[in-house]
Amino acid sequence: MRVLIIEDEARIAKRLQRMAASFFEQNSVISSCDSVQKGMTHIENNEIDLLLLDLNLNGENGFDLLESVVSKSFHTIIVSAYTDKAIMAFEYGVLDFVPKPFDELRLNQAFKRIKNKPKINNEPLKFLAVKKAGNIKLIDIEDLLYIKGAGIYSELHLKNGNHELHDKSLETLAQLLPNSFNRIHKSYLVSLKLAEKIIVQPGSKYGLLIKNGELLPIGRSKYKELKEKII
């Protein structure tokens, strides 16, 4: 696990380092920066799996960094006393918001979301961000038709017919998206709000017909669960 901590209070940064090292144990590489600029430079030059980010860094706004990395493949956990910013942070697709002061139990709960890969429930994610021509483009969740896995990336299929490539994998996005989104196949995520009906095809194959008329494949292991959810 490659962890980057961006925290301007040395005491808290060391505490986060110790807790992260204790939780992730072997093969963890933990780095620390104390400013937005140093954090951005580190991210540009190093691969990471997890970002622990404070929102107030010597007067700098942590959201400036969050906005610049929101499309990246790693997960972000906010560790901050600014609890009034929690909803906004979740809108940017962070994995968790750990309020200060925090204890090891609470931080470990956030870490378990990565290690055990549970689906996050009821977090108000409003958009996904993709990098395009050096800029960040925000995609409203309501504009999503479905998401298709594309190797280590994901292909966002939009209601207007456009496609956008996202740096996060299908597995990672499945953790962040609202509960309406279901993994119907190893390569497809779709909101069941858009489902019309299940089509049974020859050869014990199944497909999900969605509102725009497309038929998406359903994995055999997913059929029974989906049948109970779709009337």
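Values in this document were obtained by computation on a predicted structure and should not be read as measured data.

Trainee: Provide a residue-level description of the pairing of strand S17 (residues 215–218), including the pertinent values.
Mentor: Examined bridge by bridge, strand S16 (residues 205–210) and S17 share 4 bridges and lie antiparallel to one another. If you follow Tyr 206 over to S17, its bridge partner there is Ile 218. Turn length for the S16-S17 hairpin, with the two strands adjacent in sequence and antiparallel, is 4 residues, and the turn residue Gly 213 shows positive phi of about 95°.

Trainee: If you had to explain the pairing of strand S12 (residues 163–166) to someone new, which residues and values would you point to?
Mentor: The side chains of a regular strand alternate, residue by residue, between the two faces of the sheet. Covered by surrounding structure in S12 are Glu 164 and His 166 only, the residues His 163 and Leu 165 on the alternate face being uncovered. Sheet topology note: the strand S11 (residues 153–158)/S12 ladder contains 4 bridges and is antiparallel. Across the sheet, residue Ser 154 finds its bridge partner in S12, namely His 166. The hairpin formed by S11 and S12 contains 4 residues between the paired strands, and Gly 161 there has a positive phi angle of roughly 95°.

Trainee: An account of the side chain of Asn 182 is needed here, citing residue identities and associated values.
Mentor: With respect to the helices and strands, Asn 182 occurs in strand S13 (residues 181–185). Looking at Asn 182, the relative accessible area reads 9%, which means it is buried. Here Asn 179 takes part through its backbone oxygen, which lies 3.4 Å from a polar atom of the side chain of Asn 182.

The rules behind the values
Residues numbered from 1 in each chain as written. Predicted model: local features only at pLDDT ≥ 70, side-chain atom pairs only at ≥ 80, totals over all residues. Heavy atoms only, no water. Pairing = 2+ DSSP bridges. Helix = DSSP H or I, 4+ residues; strand = E, 2+ residues; numbered from the N terminus. Buried < 20%, exposed > 50% of the residue type's maximum accessible area, 1.4 Å probe, protein only. Polar contact = N/O pair within 3.5 Å; in protein donor to acceptor, adjacent residues only side chain to side chain.

All we've got here are geometric facts, nothing functional implied.
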